[in-house]
Amino acid sequence: KTPIGEKKKTINGKKLKIVYFSHYAYSNSGKSLANPLGPFIRDIVISHARWGEAEIICYCVQWFDQAYVDVLTKSGILVRVIPQELAFSRLEELRRTILEDAPDVVISDVPSPIASWLFIHRIAPLQIYLDPGYPHWNLPEIDWVLLPGKVYQRGFELPSNRCSTMRVALSDEAVGMSTTPSADHVRSAPVHPLRFGAFTRLIKITDAWLSAAEAILSRLPQASLLIVGSGNPALVCRLVDHPDYAGRVSLINEMVDLKAYQDRIDVFLDTFPFIGGLVCREFMGHGVPVVSVLSGEWDEMLREQRDPELLAQSLDQFVAIAVCLAEDTDFYHKASKSSIRLVTQQNQPEAMIRDI
């Protein structure tokens, strides 16, 4: 046995064995907002296995559903299901099983107590955290951090020479698109008053975002706004219940099937500073322009994946771009076409796997 904390050794020349942890290993049943991290990791695992240069194993370590497991096994991937849920009663079983598999690399999608406990026990020569936006603490046993679309943050107290960026290039299947985006989805400017939408976890909606939404609605007295997502709606209700916007702001306080709403909004208003991810990409694939704000941490991803004409430097510019989409038909059509083009460029999982 390798003592706790002692770094294991890898064997030169052999094919690497790589284990991925999936904490949210469920398929979402078409509700892409439920937790996009599960499908995100699943697509990485499948793409990495197809790469053919390593043996890939997926461990479902906290929550799972059988549909998620079935997709992986049908792709020829070995799946270990040892869910801890909130009891954490099978940690030792999980540790022993991983040690029996003897991976060279372990990659965790969440800095959970599960992953931290296992990392401290040094279960692989190389232990990696893939940072999808969840704050994490620095452990000496974290050997590397992958930053998908993010810039290095000093506040994480991880040395900058132990991080690297990673492109996020998912397949249409992973995002839930039934067909590859095409020119057929490009939209002409709406003939009705513009319908704005925000689909997100409500925790991402801030006072600043609400102020910007109020400014848009004030400047476009015929426009409407649909807010969709789970979480505490108290802050959002400030806008929903405001008498100046009566009947123009709606809230659906639950998860939904995004495909059922792609024709119900004309412009997607991104959240900030914590941006939307796969949900934005799915609406863009349907020709819906996404307006975002550059605010620091996620700017690398925004500049790579979004229309530069729709990237605001400030709240005032965020409002101005949204209003311009409502009033300038040529600008709207151009933005819709650009959205389709940018999404098709992201259908290259090989780029993502090369970074890993």
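Up top is the structure these notes are about.
S.K.: Can you walk me through the nonpolar core in this structure?
M.R.: Here is a general trend for soluble globular proteins: nonpolar side chains tend to be buried in one another's company. Formed by 37 residues in total, the largest nonpolar core has its most connected members in Phe40, Ile41, Ile44, Val45, Leu72 and Leu130. When residues of this core are assigned to their parent elements, the largest contribution, 6 residues, is made by helix α1 (residues 37-51). Leave out the neighbours within four places in its chain, and valine 45 touches Tyr20, Ile56, Cys58, Leu72 and Ile77.

S.K.: How do you make sense of the environment of aspartate 328 when you look at a structure like this?
M.R.: With respect to the helices and strands, the residue aspartate 328 is situated in the loop between α10 (315-327) and α11 (329-345). Linking aspartate 328 and alanine 189, residues 139 residues apart in sequence, is a C-alpha distance of 8.1 Å.

S.K.: Is there a simple way to explain the side chain of serine 339 in this structure?
M.R.: Relative to the assigned elements, serine 339 resides in helix α11. In contact with serine 339, other than residues within four places in its own chain, are Met284, Val288 and Pro289.

S.K.: Looking at this structure, I do not really get the sheet that holds strand β5 (residues 126-130). What am I missing?
M.R.: Two pairing modes exist for strands in a sheet, parallel and antiparallel, and in both the strands are linked by backbone hydrogen bonds. If you trace the 7 strands from one edge of the open sheet to the other, you get β3-β2-β1-β4-β5-β6-β7, paired in parallel fashion. At either end of the open sheet lies a strand with only one pairing partner, and these are β3 (78-81) and β7 (163-166). Each neighbouring strand pair of the sheet contributes to a mean axis angle of 25°, computed without reference to strand direction. Bridge count between β5 and strand β6 (residues 144-148): 3 bridges; the pairing is parallel. Each bridged residue has a counterpart across the sheet, and for isoleucine 128 the counterpart in β6 is tryptophan 144.

S.K.: I'm lost on unusual backbone geometry in this one. Help?
M.R.: Trans peptide bonds make up the majority, and among non-glycine residues the majority have a negative phi. Each neighbour pair has its own omega, and for phenylalanine 272 with proline 273 the value is 0°, a cis peptide bond. Relative to the helices and strands, proline 273 is located in the loop between β11 (267-269) and α8 (278-284). Phi is positive for alanine 102, close to 55°, though the residue is something other than glycine. Relative to the assigned elements, alanine 102 resides in the loop between α3 (91-101) and β4 (105-108). A relative accessible area of 35% means that alanine 102 is categorised as partly exposed. Even without being glycine, arginine 122 reaches a positive phi, approximately 50°. Tracing the sequence through the fold places arginine 122 in the loop between α4 (113-120) and β5. Look at arginine 122 and you get buried, because its relative accessible area is 3%.

S.K.: Even after reading the chapter, I still don't get the packing of aromatic side chains, so can you show me in this structure?
M.R.: We describe a pair of aromatic rings using the distance from one ring centre to the other and the angle between the two ring planes. Summed over all chains, the structure comprises 9 aromatic pairs. Ring centres of phenylalanine 268 and phenylalanine 283 lie 5.3 Å apart, and the angle between their planes is 45°; this geometry places the pair in the tilted category. With a gap of 15 residues between them, phenylalanine 268 in strand β11 and phenylalanine 283 in helix α8 connect regions that are remote in the sequence. Given a relative accessible area of 2%, phenylalanine 268 falls into the buried group. A centroid spacing of 5.5 Å and a plane angle of 70° characterise the contact between phenylalanine 272 and phenylalanine 318, whose relative ring orientation is edge-to-face. One end of the pair, phenylalanine 272, is in the loop between β11 and α8; the other, phenylalanine 318, is in helix α10, and 46 residues separate them in sequence. Here the two residues phenylalanine 272 and phenylalanine 318 agree in accessibility, since each one is buried. Among the aromatic residues, those joined into a cluster by ring pairs are Phe199, Tyr261, Phe268 and Phe283. The aromatic ring of tyrosine 261 is capped on one face by arginine 264, whose charged end is 4.6 Å from the ring centroid.

S.K.: Can you walk me through the packing of helix α6 (residues 207-219) against α10 in this structure?
M.R.: A pair of packed helices can be characterised by two numbers: the angle between their axes and the separation between those axes. Contact pair α6 / α10: the axes reach a minimum separation of 9 Å and the direction vectors enclose 40°. Between α6 and α10, the angle falls in the class oblique. As α6 runs across α10, the sense of the crossing is right-handed. For the pair formed by α6 and α10, the contact residues are Ala208, Trp209, Ala212, Ala215, Ile216 and Arg219 on the first element and Leu315, Phe318, Val319, Ala320, Ala322 and Val323 on the second. Residues belonging to the contact of α6 with α10 are distributed by class as follows: 11 nonpolar, no polar and 1 charged.

Cut-offs used in this document
- Residues numbered from 1 in each chain as written.
- Predicted model: local features only at pLDDT ≥ 70, side-chain atom pairs only at ≥ 80, totals over all residues.
- Heavy atoms only, no water.
- Core = buried A, V, L, I, M, F, W, Y, C linked by side-chain atoms within 4.5 Å.
- Buried < 20%, exposed > 50% of the residue type's maximum accessible area, 1.4 Å probe, protein only.
- Helix = DSSP H or I, 4+ residues; strand = E, 2+ residues; numbered from the N terminus.
- Contact = heavy atoms within 4.5 Å.
- Pairing = 2+ DSSP bridges.
- Axes fitted to C-alpha atoms, helices over the stretch in contact; angles between N-to-C directions.
- Phe/Tyr/Trp six-rings, centres within 6.5 Å; stacked < 30°, edge-to-face > 60°.
- Lys NZ or Arg CZ within 6 Å of the ring centre and 35° of its normal.
- Parallel < 35°, antiparallel > 145°, perpendicular 65-115°, else oblique.
- Left-handed = near helix turned anticlockwise from the far one by under 90°.
- Nonpolar A, V, L, I, M, F, W, Y, C, P; charged D, E, K, R; others polar.

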